[in-house]
Amino acid sequence: MTVSSLDLTVGSLTPRLLLGPGPSPVSPRVLRALAHPPLGHLDPQFLAVLDDVNERLRGVFGTTNDVTYAVSGTGSAGMQAALVNALEPGDTAIIGVNGYFGTRLVEMARRLGANVVQVEAEWGRIIEPERVIEAHGKHPGARVLALVQAETSTGAWQPLHEVGAHLRGSETLFVVDAVTALGGIPVEVDQVGADICYSATQKCIGTPPGLSPITYSPKAMRAIGQGRKTPVTSWYFDATVIGTYLGPERRYHHTVPINLFFALHEALREIDEEGLASRFERHGRMGALLREELGARGFTPFTETGRGLPQLTALRLPGDADEASLRSVLLNEHGIEVGGGLGPAKGKIWRVGLMGHGASEESVNRLVEAVDRMGMGRA
Ligand SMILES: *Cc1c(COP(=O)(O)O)cnc(C)c1O
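Small disclaimer: the values here were computed from a predicted structure and weren't measured.

Draft legend 1. Expanded view of the site of the ligand. Close to the ligand lie 14 residues; T74, S76, T152, Q202 and K203 are nearest. Note that an oxygen atom of the ligand is positioned 2.7 Å from one of the side-chain N or O atoms of T74. About the coverage of the ligand: the protein hides 89% of its 380 Å² of free accessible area. Those elements that provide at least two residues to the shell around the ligand are α3 (75-86) and α4 (100-111). Here the shell around the ligand gets three residues from one element, more than from any other, and that element is α3. Here the residues of the shell around the ligand are counted per class, giving five nonpolar, six polar and three charged.

See below:
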């Protein structure tokens, strides 16, 4: 059956259960907030929402950083903001690469003129902290050291504390990609010693895509303010000029996506009501349940043992199944989206996300039922 483009409205689309690497399902409360009529970006009512969003983001990030807000744009906008503020041409950037998003960091840093030193590990494994520290020992003057906490392409949970402790007191800015981490596992920016940490709203936060929460430590703001020889080349992402809008001046910077902020505000209220500890515990429990259920059906972990993320599980399929065609049956006949592999994992794995509102027993049960009906695994 084909639908003419004239009939194609949002109402005619079939909803899906989003169990891929993002976007994740959005709760009814957040959806309602999204539908509120827009306010002006300088309306005192909206500014109150904005301030409250920033305060709640500090809580989720685990920071007291003054410069904490949501960049207008997806997670990649946060990545771009972090690097364009921190780096100048000729700077050295040490970047951990054990998956697709580490590779994206490398690409962005190179375009900014940085000399990139890669610390690589096999996809699916973590990068041993000693190796990262060793690389910094060889390049102590590096401007940036960047790691991806939750590598969504492989499901690996990268430890941060040892590297953060090593970098304290150095001139190097510790950049952390917490896009898939924030709201699903502890990020603890201040404890870890991250200087710039960014995320996105459509993974474990539970909002549609379009905003990228970010936070800058005082050390990062000094480096960006007086520490640079040249101005930040992106006016839009410059962390020092957005303050005119976020701070007491309240001057127009850009028209922020008002309705996405309504949604983010509601999602952060939900997070605070649940409590971070219970939220992490829920993600942990659901991830374990998923691994157990699919493990019993012959799926095997792709990620290094003991290093898997609860909110994103990468699994090899039983037998020599054609993952792409099974994934398309799962989507088109059972209404469930999961992700396929990227890079060296292409054609080999499913990536199952149980993020935010989607981290529920109902999600796991629906997926397991579909897998059984499709005759996969044990059958
Ligand atoms: C999704 C993701 C990004 C990119 O975010 P977009 O919202 O797709 O731009 C960056 N890093 C990681 C680890 C991600 O999972």
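Resuming the write-up.
Draft legend 2. A look at the confidence of the model for the chain. Model confidence for the chain is summarised by a mean pLDDT of 96, while 98% of its residues fall at 70 or above. Here helix α9 (residues 243-246) stands out as the element of the chain with the lowest mean pLDDT, 92, in contrast to strand β8 (residues 173-177), whose mean of 99 is the highest.

Draft legend 3. Spatial organisation of the pattern of salt bridges. A full pass over the atoms with the stated rule returns 18 salt bridges. Across the salt bridge formed by D51 and R250, the nearest N and O atoms sit 2.6 Å from each other. Placement of D51 in helix α2 (residues 44-61) and of R250 in the loop between α9 and α10 (258-274) is noted, with a sequence separation of 199 residues between them. Judged by its relative accessible area of 22%, R250 falls in the partly exposed class. Through salt bridges with shared partners, a single ionic network connects R29, E266, R269, E270 and E273.

Draft legend 4. Just α2, in detail. Here α2 is 18 residues long and its end C-alpha atoms lie 26 Å apart, about the 26 Å a rise of 1.5 Å per residue gives. Of all the positions in α2, only F46, L47, V49, L50, V53, N54, L57, R58, V60 and F61 are classed as buried. For α2, the capping residue at the N-terminal end is D43, with a side-chain oxygen 2.7 Å from the backbone nitrogen of Q45. Just beyond α2, the residue with positive phi is G62, at close to 70°.

Draft legend 5. Just a negative patch on the surface, in detail. On the surface, a cluster of negative charge is contributed by E128, E130, E134 and E162. With respect to the element layout, E130 can be found in helix α5 (residues 129-138).

Draft legend 6. Broad picture of the packing of aromatic side chains. If you walk through the whole model with that rule in mind, you get five aromatic pairs. Each ring, one from F46 and one from F261, has its centre 5.9 Å from the other, and the planes form 90°; the classification is edge-to-face. Taken as a pair, F46 in helix α2 and F261 in helix α10 lie far apart in primary sequence, 215 residues in all. Residue F261 is classed as buried on the basis of its relative accessible area, which comes to 1%. Here Y236 and F237 contribute two aromatic rings whose centre-to-centre distance is 5.5 Å and whose plane-to-plane angle is 75°, an arrangement assigned as edge-to-face. Under the relative-accessibility criterion, Y236 is labelled partly exposed at 35%.

Draft legend 7. Summary view of the side chain of S27. Counting through the fold element by element, S27 comes out in the loop between β1 (17-18) and α1 (28-34). By relative accessible area, which is 4% here, S27 ends up buried. Looking at S27, its side chain comes within polar contact range of the side chain of E270, at 2.8 Å. Apart from residues lying up to four places away in sequence, S27 is in contact with E270 and H357.

Draft legend 8. Summary view of the domain arrangement of the chain. The domain boundaries assigned to the chain delineate domain 1 (10-24 + 275-373) and domain 2 (28-271). A buried area of about 2400 Å², summed over both sides, lies between domain 1 and domain 2, and 62% of it is on carbon and sulfur atoms. If you look at where domain 1 meets domain 2, you find one salt bridge. Linking domain 1 with domain 2 are 12 residue pairs in polar contact (both at pLDDT 80 or more), by the criterion used here.

Draft legend 9. The arrangement of the sheet that holds strand β10 (residues 211-216) in detail. Ordered in space as β2-β10-β9-β8-β5-β3-β4, the seven strands form an open sheet in which the pairing is mixed. Edge positions in the sheet fall to β2 (67-72) and β4 (115-120), since each has one partner strand and no second. Each strand axis lies, on average, 20° off the axis of its neighbour in the sheet, ignoring direction. Judged from the three bridges that link them, strand β3 (residues 92-97) and strand β5 (residues 144-148) form a sheet pairing that is parallel. Within the sheet, the bridge partner assigned to I95 lies in β5 and is A146.

Draft legend 10. Focus on the packing of α3 against α4. Following both chains from N to C, one finds α3 and α4 inclined at 45°, their axes separated by 10 Å at the closest point. The angle between the axes of α3 and α4 places the two elements in the oblique class. In the crossing of α3 with α4, the sense of the turn from one axis to the other is right-handed. Note on element contacts: α4 touches α3 through F101, R104, L105, M108 and A109, opposite S76, M79, Q80 and L83. Of the residues in the contact of α3 with α4, the class split is six nonpolar, two polar and one charged.

Draft legend 11. Just the nonpolar core, in detail. In terms of nonpolar packing, the biggest core is built from 54 residues, with F46, L145, L147, F174, C197 and F261 touching the most fellow members. Per element, the largest residue contribution to this core is nine residues, and it comes from α10. When residues no more than four places from it in sequence are discounted, the contact partners of C197 are F61, V176, A178, V187, V189, P213, I214 and T215. In this structure, L83, L173, V179 and M221 belong to the second largest nonpolar core, which totals 41 residues.

Conventions adopted
Residues numbered from 1 in each chain as written. Predicted model: local features only at pLDDT ≥ 70, side-chain atom pairs only at ≥ 80, totals over all residues. Heavy atoms only, no water. Near = heavy atom within 4 Å. Polar contact = N/O pair within 3.5 Å; in protein donor to acceptor, adjacent residues only side chain to side chain. Areas by Shrake-Rupley, 256 points an atom, 1.4 Å probe, with all protein chains shown as cover. Helix = DSSP H or I, 4+ residues; strand = E, 2+ residues; numbered from the N terminus. Nonpolar A, V, L, I, M, F, W, Y, C, P; charged D, E, K, R; others polar. pLDDT = per-residue confidence, 0-100. Salt bridge = Lys/Arg side-chain N within 4 Å of Asp/Glu carboxyl O. Buried < 20%, exposed > 50% of the residue type's maximum accessible area, 1.4 Å probe, protein only. Expected span 1.5 Å × (residues − 1). Patch = residues over 30% accessible without salt bridge, like charges linked within 9 Å, V, L, I, M, F, W, Y side chains within 5 Å. Lys, Arg positive; Asp, Glu negative; His and termini not counted. Charge placed at Lys NZ, Arg CZ, Asp CG, Glu CD. Phe/Tyr/Trp six-rings, centres within 6.5 Å; stacked < 30°, edge-to-face > 60°. Contact = heavy atoms within 4.5 Å. Domains from an automatic or database assignment. Buried area = accessible area lost by both parts, 1.4 Å probe. Pairing = 2+ DSSP bridges. Axes fitted to C-alpha atoms, helices over the stretch in contact; angles between N-to-C directions. Parallel < 35°, antiparallel > 145°, perpendicular 65-115°, else oblique. Left-handed = near helix turned anticlockwise from the far one by under 90°. Core = buried A, V, L, I, M, F, W, Y, C linked by side-chain atoms within 4.5 Å.

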